[in-house]
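Results of the structural survey
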Amino acid sequence: MLDLINKMFTSRLKSIVNTIASNFNDVYCCILHKRAVARLKAKRDPINVLFFAIFSSVWKYDSLYWLMKKDKRFNPIVLVCPQVNMGRESMLDNLDKCYNDFKRRGYDVVMSYNENDDSYIDARRLNPDIVFYTNPYDGLIDSRYYIDKFKNTLTCYCNYGYILIGDRWGIALPFHRRVWKYFTEYDYSMDSKMSKIKLACNNRVPTGYSLYDEFVEHQQSLHLKQQPFYKVSGKKIVIWAPHHSIEPDNKLLHFSQFLFLSEYMQNVRERFEESVYFVFKPHPLLKVKLYETEGWGRTRTDEYYNQWAKSSNSTIIEGDYVDLFLFSDAMIHDCASFTIEYLYTQKPIMYLADESRGKQFNEVGQKAYGCHYLYKTEKDIDEFIEKVILKGIDPKRSEREIFYNSFLIPPNGCTVAENMMNEIAKSLGI
């Protein structure tokens, strides 16, 4: 009994010490940020803004980059950084895809890694005054570029996906606590779960979700764009977007129904060949995880992906998806961020889970989840396609419209990018 008491006391003491140390580090970062702000207020040259990009598919700074590019006060650059948690082959493949995508879109972009001599660029040589991150997780980006290497630089972040789960890992990791500006989708104090998770330094700034700007911009010019190859005359476009969380022991994040429904979705595609064109939009991490999954592996995974790529009424799209969403007619998915993001289109959407899945969401997430048609059995997928998509019987239409007007329009009568840039300019006095 005495040993148990000693262990409990020791564990409790360690927890208190760690909390104190963590809070001290948070406050120390705030002090360093104030010093950096003072330095930049005295700077006469344009502010160098360096965006650390990992995946082009989750890039959320398009509008902000171009807004800064047009403003003489800022000099924005994109640095494509390596994703190191999935092996070298995946890292090189993703680096090339990301760099080429940004180059194609006209960004001022720099590659961080040189495969020929196995060298990495020192980001500090680019003289960043402000660094924008696209992902908060330690161990995903190469350690040379993680936030702890830029304590004396002003750092910013907006969530790459709309936060739906009211847990600390989503909004209060050491990364979230130590960025200079944490731009959030809405005021978290409005949500009972989110409001309980406070930060030592009040760095959260509600600006709206950055993808809003892209949807509005693309929607306004959609009539000028060439019809995509998947826009087949007489057929509805349905996106199937499976998540990557297929590990059965992943208690923190386990959304995916892919292992249960992969073959059935092929069957659905075949049965609706005459009326529906399917776009397979897998999470970028799904393939590499399937390579390592028992019963799948590289050969079966590649064959499965090829079936979607080469069938007469389907294709695969793995990159940017705003235009895809706008040209589509409906979505079937089990992702987290798409729960919100597809609602920007106000089109029908089905979640591949029953009502119990929504209980893990915060209040806003539960409202978004309530706008979905829900899957309980395979029959529900068929009925969603037959009744809602093909016949237009859509009883959840008004719910989606109400949610859009309540939670998806940014504050201050500005775009999200304008809110971000105005906050930075105000803080720096420029």
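Residues numbered from 1 in each chain as written. Predicted model: local features only at pLDDT ≥ 70, side-chain atom pairs only at ≥ 80, totals over all residues. Heavy atoms only, no water.

Note on placement: N267 falls in helix α7 (residues 258–271). Sequence separation between N267 and S311 is 44 residues; the distance between their C-alpha atoms is 12 Å. (Helix = DSSP H or I, 4+ residues; strand = E, 2+ residues; numbered from the N terminus.)

Pairing in this open sheet of seven strands is parallel, and the strands run β3-β2-β1-β6-β7-β8-β9 from one edge to the other. A strand with exactly one partner marks an edge of an open sheet, and here the two such strands are β3 (109–111) and β9 (204–206). Sheet twist, expressed as the mean angle between neighbouring strand axes with direction ignored, is 25°. Bridge analysis of strand β1 (residues 47–53) against strand β2 (residues 74–80) gives seven bridges, and the strand direction is parallel. From the neighbouring strand, I47 faces β2, where its bridge partner is F74. Contacting β1, β2 and β3, helix α3 (residues 88–104) runs over the sheet at an angle of about 160° to β3. Running at roughly 150° to strand β8 (residues 181–184), helix α15 (residues 416–428) makes contact with β1, β2, β6 (130–133), β7 (154–158), β8 and β9 of the sheet. (Pairing = 2+ DSSP bridges. Axes fitted to C-alpha atoms, helices over the stretch in contact; angles between N-to-C directions. Contact = heavy atoms within 4.5 Å.)

β2 sits mainly inside the fold: six of its seven residues count as buried. In terms of handedness, the path from β1 via helix α2 (residues 62–69) over to β2 forms a crossover that is right-handed. The pairing of β2 with β3 spans three bridges and is classified as parallel. Bridge pairing in β3 places V78 opposite V109. (Buried < 20%, exposed > 50% of the residue type's maximum accessible area, 1.4 Å probe, protein only. Right-handed = clockwise from strand over helix to strand, strands pointing away.)

With phi around 55°, N127 is a residue other than glycine that occupies positive phi space. If you trace the backbone, N127 turns up in the loop between β5 (119–120) and β6. Backbone geometry places Q346, a non-glycine residue, at a positive phi of 60°. With respect to the helices, strands and loops of the structure, Q346 is situated in the loop between α11 (338–341) and β14 (349–351).

The next subject is the packing of α7 against helix α9 (residues 297–310). For the pair α7 and α9, interaxial distance at closest approach is 11 Å and the crossing angle is 35°. In this structure, α7 crosses over α9, and the sense of that crossing is left-handed. Contact residues: α7 offers F258, S262, E263, M265, Q266 and R269, while α9 offers R300, Y304, Q307 and W308. The class makeup of the residues in the contact of α7 with α9 is four nonpolar, three polar and three charged. (Left-handed = near helix turned anticlockwise from the far one by under 90°. Nonpolar A, V, L, I, M, F, W, Y, C, P; charged D, E, K, R; others polar.)

Tallying each qualifying case throughout the model produces 24 salt bridges. The shortest N-O distance in the salt bridge between R177 and D26 comes to 2.7 Å. Here D26 lies in helix α1 (residues 2–41) and R177 lies in helix α5 (residues 174–178), a separation of 151 residues in the sequence. Classification of D26 by relative accessible area gives buried; the value is 0%. Between D394 and R400 there is a salt bridge; the shortest N-O distance is 2.5 Å. Among the ionic contacts, a cluster of salt bridges with common partners joins D62, D101, R104 and R105. (Salt bridge = Lys/Arg side-chain N within 4 Å of Asp/Glu carboxyl O.)

Turning to a nonpolar patch on the surface, a few remarks are in order. On the surface, V27, Y28 and I31 cluster together into a nonpolar patch covering about 240 Å² of accessible area. Relative to the helices and strands, I31 is located in helix α1. (Patch = residues over 30% accessible without salt bridge, like charges linked within 9 Å, V, L, I, M, F, W, Y side chains within 5 Å. Areas by Shrake-Rupley, 256 points an atom, 1.4 Å probe, with all protein chains shown as cover.)

Next up on the list: the nonpolar core. A general trend in soluble globular proteins is that nonpolar side chains are found buried together. Membership of the largest hydrophobic core comes to 110 residues, with the highest contact counts inside it found for F51, F52, I130, F132 and I424. Among the nonpolar cores identified, the runner-up in size contains 30 residues, and V268, F278, F384 and V388 belong to it. (Core = buried A, V, L, I, M, F, W, Y, C linked by side-chain atoms within 4.5 Å.)

Using the criterion set out here, one finds 50 aromatic pairs in the structure. Measuring from ring centre to ring centre gives 5.8 Å for F52 and Y145, while their planes differ by 75°; the resulting arrangement is edge-to-face. Taken together, the residues span a long stretch of sequence, with F52 in strand β1 and Y145 in the loop between β6 and β7 at a distance of 93 residues. Across the pair, exposure class does not vary: F52 and Y145 are buried alike. (Phe/Tyr/Trp six-rings, centres within 6.5 Å; stacked < 30°, edge-to-face > 60°.)

Bringing the sheet that holds β14 into the picture now. Strand order in the open sheet made by the six strands is β12-β11-β10-β13-β14-β15, with parallel pairing throughout. Edge positions in the open sheet fall to β12 (314–316) and β15 (373–374), since each of these has one partner strand only. With three bridges connecting them, strand β13 (residues 330–333) and β14 associate as parallel partners. Along β14, the bridge assignment pairs H333 with Y351. Here α9 sits on the sheet in contact with β10 (236–241), β11 (276–280) and β12, set at roughly 125° to β12.

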